[in-house]
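# Structural characterization, general
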Amino acid sequence: MAEVIISEGAIRIDGAPTRIISGTIHYFRVCREQWADRIAKAKMMGLNAIETYVCHNLHEPEPGKFDFSGMLDLEAFLDEVKRAGLYAIVRPGPYICAEWENGGLPAWLCAQPGVEFRCMNSVFLAAIDRYLDELLPRLKKHLYTAGGPIVMMQIENEYGSYGNDKPYLEHTRKAFLRNGIDVPLFTSDGPEDWMIQGGTLPGCFQTLNFGSRAVESFANGRKYRPEGPDFCMEFWNGWFDHWGEVHHTREALDAAAELDAILRNGASVNFYVFCGGTNFGFTAGANGNGDKPGDYAPTVTSYDYDAPLSEWGDPTPKFFAFQEVIRRYRPDAAFGTPEPVRKAAFGEVALTASAPLLGELDRLAEKHEAVRPPTMEACGQSYGFIHYRTKLSGPFRDRLYFPEVHDRVTAYVDGAYLGVVGRNDADRFLPIETKSGGATLDLLVENQGRINYGPLVGRDPKGLPLGVGICWQMLSHFEVWNLPLDNIELVRYGAFAETENLPAFHRGEFEVDSPADTFLEFPGVKGVVWINGFNLGRYWNIGPGNTLYVPAPVLKKGRNEIVVFELHKLKKSTVCFTDRPQLG
């Protein structure tokens, strides 16, 4: 009978002590057609396992409505892992962090009356129980004990960095048990004492997350679990980027030396990440603990992470440096040298049609009314933009005041650009003047990503949570359009027109003889791009980088469509597809 247990200081698979050398691949950040390629390359580096989070917010986009199709077909991903002859480690959350929108928790849950996150709160528990009771029976079929690849599963995630509600952790553990999960359950936390004390649970295997000082970290963990075994569940071999930062990198030899320290210590390890993938669409999260002004930091579209395998699937210097270390500890592994993926430069593509947003509001959304600007969550909206409109009196000359902006508001008066206020701006005023008879005020607010780590997870409502005023006179009676932009086929285009500081959709078409990976140079100041209806994600000229990854499966042989939603100004009337990524 197949069995996985932890006993006598070792992970034992069918009785044999087993060291796990794993790598993270998030199925929801990689096109389904590319899963097998990424998994095969993990095996070539010498890994014997693949780890993934599971994202509650994508799998349950509305309460009680579940989606496991396409890129969300977790069971198909696990089948690919099994076909490769590798083990799987699954971390279902319900909270995952992962630099993912809201840490993986559904936005609709934020609007539930009385909800408190990640604790013994009845509203929260009812939601996560429904999610786990839907998910875990699907995963049960893929347990090692049932002939599948899953050898371990995590309850919650880095809980000690957030809270210390042990009854909540125990409640979550029991959800796994009642759904028949009979492989080892584990927790993972940073190596600090307060993190371990808050996040571990009797009866669950303790793992640690860190990027350096392995010997010191394991020694501290042993104070709490002297029997071991040691497992670094997240070896941070690179890092992620926020908009406006310098692209993060880590020297391959430095990371390889730390890996050697982990393996020399006799520990198991999971590379976080082996291949990061991409925050397609509006899925990137943000950081910010609210402990100082201006600390909101949204994450970029690329999740390359300076990992062993690049965002587009090429081996990096880290791949080969890590491979050489692993050879010393798994000499019989199926090592190999991956070929670079095929890339193409499709060159310049003309944008031939345009549609200003202010003329498309009623096609994109059904207008509704509110006394004060409602948040996205209050409207049942998760992602994208929200648009508010109200009438101003006149004449007067004063200032628009935004007490709180989540996350970036662009203001227009009688269809003319007024200015932008961002969440981190110390000055949240815009000078405004109206004539006799008043004016129409339009406010377009962008959700740049809900906070995914720390005390503000679940407490990051999007829109204008405290409204907008003329000085301190708060404005009332708004028309509201919710713009998740999940169906841009509704847009009706006219002739191409260059616009400045007026948001507009711009469309073009291009021919592809043979689909291949390519990279789109940022086409303007700030916006979003779709290829054949697939949302590639956000771009912003503050960097880092200047390209969006376009996976080959998004393209098709023959005619392809590109749509650019630009908030301010395009660089020119064409966009450029290149074969050279630029992340830094």
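Up top is the structure these notes are about.
Values in this document were obtained by computation on a predicted structure and should not be read as measured data.

### Considerations on unusual backbone geometry
Residue Val273 is reached from Tyr272 by a cis peptide bond, and omega for that bond is 5 degrees. The step from Gly394 to Pro395 runs through a cis peptide bond, and the omega angle for that step is 5 degrees. Positionally, Pro395 belongs in the loop between strand S16 (385–392) and strand S17 (396–401). One non-glycine residue, Glu158, lies in the positive phi region at around 45 degrees. The phi torsion at Asn501 lies on the positive side, around 60 degrees, for a residue other than glycine.

### Looking at the sheet that holds strand S5 (residues 49–53)
An order of S4-S5-S6-S7-S8-S9-S10-S11 is seen for the 8 strands of this closed barrel, with the pairing classed as parallel. Averaged over neighbouring strand pairs, the angle between their axes works out to 30 degrees when direction is ignored. Across 4 bridges, the pairing between strand S10 (residues 231–236) and strand S11 (residues 268–275) is parallel. Within S11, the position partnered with Trp236 by the bridge is Tyr272. Sitting on the sheet, helix H1 (residues 35–45) touches strand S4 (21–25), S5 and S11, and the angle it makes with S11 is about 135 degrees.

### What about the packing of aromatic side chains?
Each aromatic ring pair is characterised by the separation of its centres together with the angle its planes make. Inspection of the entire model under this criterion finds 41 aromatic pairs. Cluster of aromatic residues (ring-pair linked, three or more members): Tyr53, Trp236, Trp239, Phe240, Tyr272, Tyr303 and Tyr305. It is Arg327 that lies over the ring of Phe335; its NZ or CZ is 4.5 Å from the centre. The cationic tip of Arg399 hangs over the ring face of Phe429; the distance from NZ or CZ to the ring centre is 3.7 Å.

### Some words on helix H10 (residues 317–329)
Along H10, the residues that are buried comprise Lys318, Phe319, Ala321, Phe322, Gln323, Val325 and Ile326. Among the structural elements, S4, H1, S10, helix H9 (252–264) and S11 are those in contact with the buried residues of H10.

### Quick look at the environment of Leu132
You can see Leu132 is positioned in helix H5 (residues 122–140). A sequence separation of 185 residues divides Leu132 from Pro317, and the C-alpha atoms of the two residues are 39 Å apart. The residues contacting Leu132, other than those within four sequence positions of it, are Pro137, Thr172, Ala175, Phe176 and Asn179.

### Considering H9
With 13 residues, H9 should reach 18 Å at 1.5 Å per residue; the first-to-last C-alpha distance of 18 Å fits that figure. Three or more residues of H9 are buried, namely Ala252, Ala255, Ala256, Glu258, Leu259, Asp260, Ala261, Ile262 and Leu263. Buried residues along H9 sit against S4, strand S9 (205–210), helix H8 (214–222), S10, S11 and H10. Within two residues after H9, Gly266 carries a phi angle of roughly 85 degrees, on the positive side.

Rules used throughout
Residues numbered from 1 in each chain as written. Predicted model: local features only at pLDDT ≥ 70, side-chain atom pairs only at ≥ 80, totals over all residues. Heavy atoms only, no water. Helix = DSSP H or I, 4+ residues; strand = E, 2+ residues; numbered from the N terminus. Pairing = 2+ DSSP bridges. Axes fitted to C-alpha atoms, helices over the stretch in contact; angles between N-to-C directions. Contact = heavy atoms within 4.5 Å. Phe/Tyr/Trp six-rings, centres within 6.5 Å; stacked < 30°, edge-to-face > 60°. Lys NZ or Arg CZ within 6 Å of the ring centre and 35° of its normal. Buried < 20%, exposed > 50% of the residue type's maximum accessible area, 1.4 Å probe, protein only. Expected span 1.5 Å × (residues − 1).

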